[in-house]
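# Inside the fold
Below are the chains, spelled out letter by letter.
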Amino acid sequence: MACNNGMSTITRGQNCESSTTKCFSDGGSVYHNYTECVTCPTNYQLTTASESAPPSGCSNTFTYKTCTCKSGVTCSNCSDTTWAAYGTGYQRYIKRTCDCGTCNTSYQYRCAAGYYGTTYNGTSGCTRCPNNGNSAAGTTTQTGCYITSGSDTNGVFVFETSIGATYQCHYQ
């Protein structure tokens, strides 16, 4: 039996450094290509896995080689940070996850205190609260803006006493 182009392809070997294409029969005249790992990258080991051959419910199984993370593999210097200033009106949080010895980094953004809105890139989407008002970091709507002293001559803030022990005027 030889693997041919045009057969259905099933990707099975994962995290391969190098791989080969093999094929199997579903018990009849239909053959399926599948990927099998030959070598694995650092921190991975070659393991054998098996599963039922298509179509679903078929009693035949096939085995293949895949790469799995070796136990006990860790990352150094791969911990999350805290929210930090990232340009005027923005904050950034660096999220780090360890994936088999590789530290992967992703970013989250939010508006800084005194700003409101939604940002996905840390460069647009946040607006300064009116009258140089305050807000908690991460506030998404203008109604989260408030002032704690001074006066509001425009009538855009409403005085509230239900905000803990601090009396604040909230934007309406």
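In case you missed it, the structure is sitting above this.
Everything numeric in this text was worked out from a predicted model, so none of it was measured.

As enumerated under the stated definition, the model contains seven disulfides in all. Across a sulfur-sulfur distance of 2.1 Å, Cys75 and Cys98 are joined as a disulfide pair. Between Cys75 and Cys98 the disulfide shows an S-S torsion of about 80 degrees. By sign, it is right-handed. Here Cys98 lies in strand β7 (residues 90–99) and Cys75 lies in the loop between β5 (61–69) and β6 (84–85), a separation of 23 residues in the sequence. The residue that forms a disulfide with Cys78 is Cys103, at a sulfur-sulfur distance of 2.2 Å.

Strand order in the open sheet formed by three strands is β6-β7-β8, and the pairing between neighbours is antiparallel. The outermost strands of the open sheet, each flanked by one partner alone, are β6 and β8 (102–111). The sheet contact formed by β6 and β7 spans two bridges and is antiparallel. Bridging from a neighbouring strand, Ala85 pairs with Gln91 of β7.

Next up on the list: the pattern of salt bridges. For the structure on display, the rule yields two salt bridges. Here Lys22 ties to Glu36 by a salt bridge, and the two come within 2.8 Å at their closest N and O atoms. Taken as a pair, Lys22 in strand β2 (residues 18–25) and Glu36 in strand β3 (residues 31–39) lie far apart in primary sequence, 14 residues in all. What makes Lys22 partly exposed here is its relative accessible area of 35%. A relative accessible area of 10% places Glu36 in the buried class.

In this structure, Asn77 takes a positive phi of about 50 degrees despite not being glycine. Examined against the element boundaries, Asn77 turns out to sit in the loop between β5 and β6. Residue Asn77 is classed as exposed on the basis of its relative accessible area of 74%. The backbone phi angle of Asn132 is positive, close to 55 degrees, even though this residue is not glycine. Relative to the elements of secondary structure, Asn132 occurs in the loop between β10 (126–128) and β11 (146–147).

Here the structure, examined in full by the defined rule, presents two aromatic pairs. On the numbers, 5.4 Å between centres and 50 degrees between planes, the contact of Tyr86 with Tyr109 is tilted. Of this pair, Tyr86 sits in the loop between β6 and β7 while Tyr109 sits in strand β8; the two residues are 23 residues apart in sequence, bridging distant segments of the chain. Of note, Arg128 hangs over the ring of Tyr115, and the distance from its end group to the ring centre comes to 5.3 Å.

The next subject is the environment of Leu46. The topology assignment puts Leu46 in strand β4 (residues 44–52). Residue classification places Leu46 among the partly exposed residues on the basis of a relative accessible area of 41%. With 21 residues separating them along the chain, Leu46 and Cys67 place their C-alpha atoms 4.7 Å apart. Each residue touching Leu46, except ones within four places of it in the same chain, is listed here: Cys37, Val38, Cys40, Lys65, Thr66 and Cys67.

Thresholds, definitions, all that
Residues numbered from 1 in each chain as written. Predicted model: local features only at pLDDT ≥ 70, side-chain atom pairs only at ≥ 80, totals over all residues. Heavy atoms only, no water. Disulfide = S-S within 2.5 Å. Helix = DSSP H or I, 4+ residues; strand = E, 2+ residues; numbered from the N terminus. Pairing = 2+ DSSP bridges. Salt bridge = Lys/Arg side-chain N within 4 Å of Asp/Glu carboxyl O. Buried < 20%, exposed > 50% of the residue type's maximum accessible area, 1.4 Å probe, protein only. Phe/Tyr/Trp six-rings, centres within 6.5 Å; stacked < 30°, edge-to-face > 60°. Lys NZ or Arg CZ within 6 Å of the ring centre and 35° of its normal. Contact = heavy atoms within 4.5 Å.

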